[in-house]
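These are the residues of each chain, in order.
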Amino acid sequence: MPDKRLTLKIISLLIFSDVLETFTHFCFKKSTLTQFQAVITDIPQAFGFLSGVFSSHFLWMGILSVVLTFILWSAVLSRIDLSVAVPVASSSYIFVPLVSIIALGEKISLMRWLGIILIVLGVVFVSKSTSEKGASVK
Amino acid sequence: MKPGIPFIIFLIMLTSLCDTINQMFLKSAINSFSGSCLRDIRGIFSFIAKIIMAPRVWIGFIFAFLSLCIWLFVLSRADLNLAFSLDSMHYLFIAASSRLILKERVGPQRWTGTVLIVLGIILVSLS
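Residues numbered from 1 in each chain as written. Chains lettered and ligands numbered in written order. Predicted model: local features only at pLDDT ≥ 70, side-chain atom pairs only at ≥ 80, totals over all residues.

### So, the overall build of chain A
- The number of helices and strands found in chain A is six helices and zero strands.
- Its helices and strands taken in sequence order, chain A reads α-α-α-α-α-α from the N to the C terminus.
- When each of the 138 residues of chain A is scored for burial, the buried share is 25%.
- Contacts spanning at least 24 positions in sequence make up 76% of the contacts within chain A whose residues lie at least 6 apart. (Helix = DSSP H or I, 4+ residues; strand = E, 2+ residues; numbered from the N terminus. Buried ≥ 20, exposed ≤ 12 C-beta atoms within 10 Å, placed from the backbone. Contact = placed C-beta atoms within 7 Å.)

### Some details on the overall build of chain B
- When helices and strands are tallied, chain B shows six helices and zero strands.
- With the principal axes as the frame, chain B shows a C-alpha extent of 50 × 35 × 25 Å.
- Out of the 127 residues belonging to chain B, those deemed buried represent 31%.
- Pairs at least 24 apart in sequence give 79% of the contacts found in chain B among residues at least 6 apart.

### Observations concerning the interface of chain A and chain B
- Between chain A and chain B, the contact holds 30 residues from the first and 32 residues from the second.
- A class-by-class count of the residues in the side of chain A that touches chain B yields 17 nonpolar, nine polar and four charged. (Nonpolar A, V, L, I, M, F, W, Y, C, P; charged D, E, K, R; others polar.)

### Describing the packing of helix H1 (residues 5-32) of chain B against helix H4 (residues 80-87) of chain B
All names here are of chain B.
- As a packed pair, H1 and H4 sit with axes 9 Å apart at the nearest point and diverge in direction by 40 degrees. With respect to H4, the element H1 is oriented oblique. The way H1 lies across H4 gives a crossing that is right-handed. Contact residues: H1 offers Ile9, Ile12 and Ser16, while H4 offers Ala83, Leu86 and Asp87.
- Looking at the contact of H1 with H4 residue by residue, the class counts come to four nonpolar, one polar and one charged. (Axes fitted to C-alpha atoms, helices over the stretch in contact; angles between N-to-C directions. Parallel < 35°, antiparallel > 145°, perpendicular 65-115°, else oblique. Left-handed = near helix turned anticlockwise from the far one by under 90°.)

### So, unusual backbone geometry
Residue and element names in this part refer to chain B.
- In this model, Lys103 sits at a positive phi of 60 degrees, which is unusual for a non-glycine residue.
- Structurally, Lys103 is set in the loop between helix H5 (90-100) and helix H6 (108-126).
- Residue Lys103 is classed as exposed on the basis of its C-beta count, with 10 C-beta atoms lying within 10 Å.

### Here we look at the nonpolar core
- Core analysis: the biggest nonpolar cluster contains 28 residues, and Ala85, Val88 and Ile119 of chain A together with Ile117 of chain B have the highest contact counts within it.
- Breaking this core down by element, the ones donating at least two residues are helix H1 (8-33), helix H3 (57-77), helix H4 (82-88) and helix H6 (110-129) of chain A together with H5 and H6 of chain B.
- Those residues in contact with Ile117 of chain B that lie beyond four places of it in its chain are Pro87, Ser90, Ile119, Gly122 and Val123 of chain A together with Tyr91 of chain B.
- Among the nonpolar cores identified, the runner-up in size contains eight residues, and Cys18, Phe25, Ala29 and Ile30 of chain B belong to it. (Core = buried A, V, L, I, M, F, W, Y, C linked by C-beta atoms within 7 Å.)

### What to know about H3 of chain A
- Across its 21 residues, H3 of chain A extends 30 Å between first and last C-alpha, which sits within 8% of the 30 Å expected from 1.5 Å per residue.
- Along H3 of chain A, the residues that are buried comprise Ser65, Trp73, Ser74 and Val76 of chain A.
- On its buried face, H3 of chain A is in contact with H1 and H4 of chain A together with H1 and helix H2 (41-53) of chain B. (Expected span 1.5 Å × (residues − 1).)

### Quick notes on the environment of Val57 of chain B
Residue and element names in this part refer to chain B.
- Positionally, Val57 belongs in helix H3 (residues 55-77).
- What makes Val57 partly exposed here is the crowd of 19 C-beta atoms within 10 Å.
- Apart from the residues within four sequence positions on either side, Val57 is in contact with Phe25, Leu26, Ala29 and Ile51.

### Brief notes about the confidence of the model for chain B
All names here are of chain B.
- Mean pLDDT over chain B stands at 87; residues scoring 70 or higher make up 95%.
- Across chain B, H5 holds the top mean pLDDT of 92, while H4 sits lowest at 82.
- Reported for the predicted complex are a pTM of 0.81 and an ipTM of 0.83. (pLDDT = per-residue confidence, 0-100.)

### Focus on the packing of H1 of chain A against H3 of chain A
Residues and elements named next belong to chain A.
- At a minimum axis separation of 8 Å, H1 and H3 run at an interaxial angle of 160 degrees. As summarised for this structure, H1 and H3 are arranged roughly antiparallel, according to the angle between their axes. Note that H1 runs across H3; the crossing there is left-handed.
- Among the residues forming the contact of H1 with H3, the class breakdown is 17 nonpolar, six polar and two charged.

Rendered as structure tokens:
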């Protein structure tokens, strides 16, 4: 029976796949921003838009990052329970606000702070549940 | 025409459900691999090959695609705060179906953690 405990290595893999996912969204957004045509009304325009998007390097970087994220996620799932991996992956809800504060100097409201604290507590609880006696070993 | 709130809520539940089904198929496929070790490059490549060859993974992809289509439709119609806070329900779906279908042991501590995360996400999305 493989050890299903949540180790630091698995947590860092999960966080890395979260960061990659954010990078994916960034790339896709960038690839559409290279297009000046904002309004698409007929089919030739739609093809023009698509061929523009597909010639953007950002799109291919985005696709590469989707594939990498999927492989990382599968590797994580081969080690731990799904009911652990999914909640712990919610840490991205913590990182995005933190990065916004530190890098962008955004102000975070009290309610958002409260939410972040609840998420952190939840992740701690879920992580601890993997080392419960006999909890994760069948 | 703007669809009613109940319909939007139903659609959001549906994307969460499709997402959960996708994860179920992926996880059950990975569980069926015997002795997969990811220690060296060869292990990693054979793991990737097994994933690509598994029919269950492809069934999962279909549900992921469905979920994406519904989600894009929801985003174009609904209030973002509502959409994101309701989408956090899928943590509960995952916990319940991991327990029922994958037979994972979801104890009180894991349930508490999951519920805290859902509440936290609702607060973050509404603020």
